[in-house]
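# Coordinates in review
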Amino acid sequence: NAGVTQTPKFQVLKTGQSMTLQCAQDMNHNSMYWYRQDPGMGLRLIYYSASEGTTDKGEVPNGYNVSRLNKREFSLRLESAAPSQTSVYFCASSRRWKQGGETQYFGPGTRLLVL
Amino acid sequence: RKEVEQDPGPFNVPEGATVAFNCTYSNSASQSFFWYRQDCRKEPKLLMSVYSSGNEDGRFTAQLNRASQYISLLIRDSKLSDSATYLCVVKDGGFKTIFGAGTRLFVKA
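The present account deals with the structure reproduced in this document. (Residues numbered from 1 in each chain as written. Chains lettered and ligands numbered in written order. Predicted model: local features only at pLDDT ≥ 70, side-chain atom pairs only at ≥ 80, totals over all residues. Heavy atoms only, no water.)

### Quick look at the state of the cysteines
- Summed over the entire model, instances satisfying the criterion amount to 2 disulfides over all chains.
- Here Cys-23 of chain A connects covalently by a disulfide to Cys-91 of chain A, the sulfurs 1.8 Å from one another. On the sign convention where negative means left-handed, the S-S torsion of about -70° between Cys-23 of chain A and Cys-91 of chain A marks this disulfide as left-handed. In this pair, Cys-23 of chain A sits in strand β3 (residues 19–25) while Cys-91 of chain A sits in strand β9 (residues 87–96), placing the two residues 68 residues apart along the sequence.
- Cys-91 of chain A gets classed as buried once you look at its relative accessible area, which sits at 0%.
- One disulfide bridge connects Cys-23 of chain B with Cys-88 of chain B, the sulfur atoms lying 2.0 Å from each other. One quick way to see it: the torsion about the S-S bond of Cys-23 of chain B and Cys-88 of chain B is about -75°, and its sign makes the bridge left-handed. (Disulfide = S-S within 2.5 Å. Helix = DSSP H or I, 4+ residues; strand = E, 2+ residues; numbered from the N terminus. Buried < 20%, exposed > 50% of the residue type's maximum accessible area, 1.4 Å probe, protein only.)

### Overview of the sheet that holds strand β8 (residues 70–75) of chain B
All names here are of chain B.
- Across the sheet, 5 strands lie side by side as β1-β3-β8-β7-β6; this open sheet has antiparallel pairing. The strands lining the two open edges of the sheet, one partner per strand, are β1 (4–6) and β6 (55–57). Ignoring strand direction, the axes of neighbouring strands in this sheet form an average angle of 20°. (Pairing = 2+ DSSP bridges. Axes fitted to C-alpha atoms, helices over the stretch in contact; angles between N-to-C directions.)

### Observations regarding the packing of aromatic side chains
- Applying the stated criterion to the full structure yields 13 aromatic pairs over all chains.
- Centre to centre, the rings of Phe-106 of chain A and Tyr-36 of chain B are 6.0 Å apart; their planes meet at 85°, and the pair counts as edge-to-face. Of the two residues, Phe-106 of chain A is situated in strand β10 (residues 102–106) and Tyr-36 of chain B in strand β4 (residues 32–38); the pairing between them involves two chains. The burial state of Phe-106 of chain A is the same as that of Tyr-36 of chain B; both residues are buried.
- Each residue in the set Tyr-33, Tyr-35, Tyr-48, Phe-90 and Phe-106 of chain A together with Tyr-36, Phe-95 and Phe-99 of chain B is aromatic and connected to the rest through ring pairs, giving one cluster. (Phe/Tyr/Trp six-rings, centres within 6.5 Å; stacked < 30°, edge-to-face > 60°.)

Below you can see the structure in the form of structure tokens.
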């Protein structure tokens, strides 16, 4: 079991370029998430997908789009990168259990620098 | 005001010490509460859930006070390997997940 995998690990973009961050999980989880982490701000939810075929905006969706390609894969696209999107991006999938509990499993992250 | 607030630290403690972290949240409708651990330049990992009755997992004890909207994490007998950032996490009944900015802990020999 690889858990949650993300590609690429690092990326440098110029302002205005586009790119897609890939995420896949092999745990058969229904729910998947994209977060960004900036110094001093904690992780902020960009988009989530409650199940295959559905996506919803999180706290900071502007400038991003997502695709839930199938149950395993959830991609994040930056159409026109801006320096403010320099960040570490984490993908996660989750398993819910009784009593309202949940475990989110995170990928190793993608470090993105936009010049 | 941030939805989830934590003391950023850092907390510098010797091995064997007891250390406590606090977290407050603003949404009274929040339903689920967690502590995650994040090592430097790594992904967050679930440490433990937090239940109203309080819960313990080895050297770690978590408490929730819904009336005061306050969550705590107590680490007893600190180890060098406990050095990390501890993230307070709050969820509503759906998928909205709010992470605190984290509290850094350094345990020294």
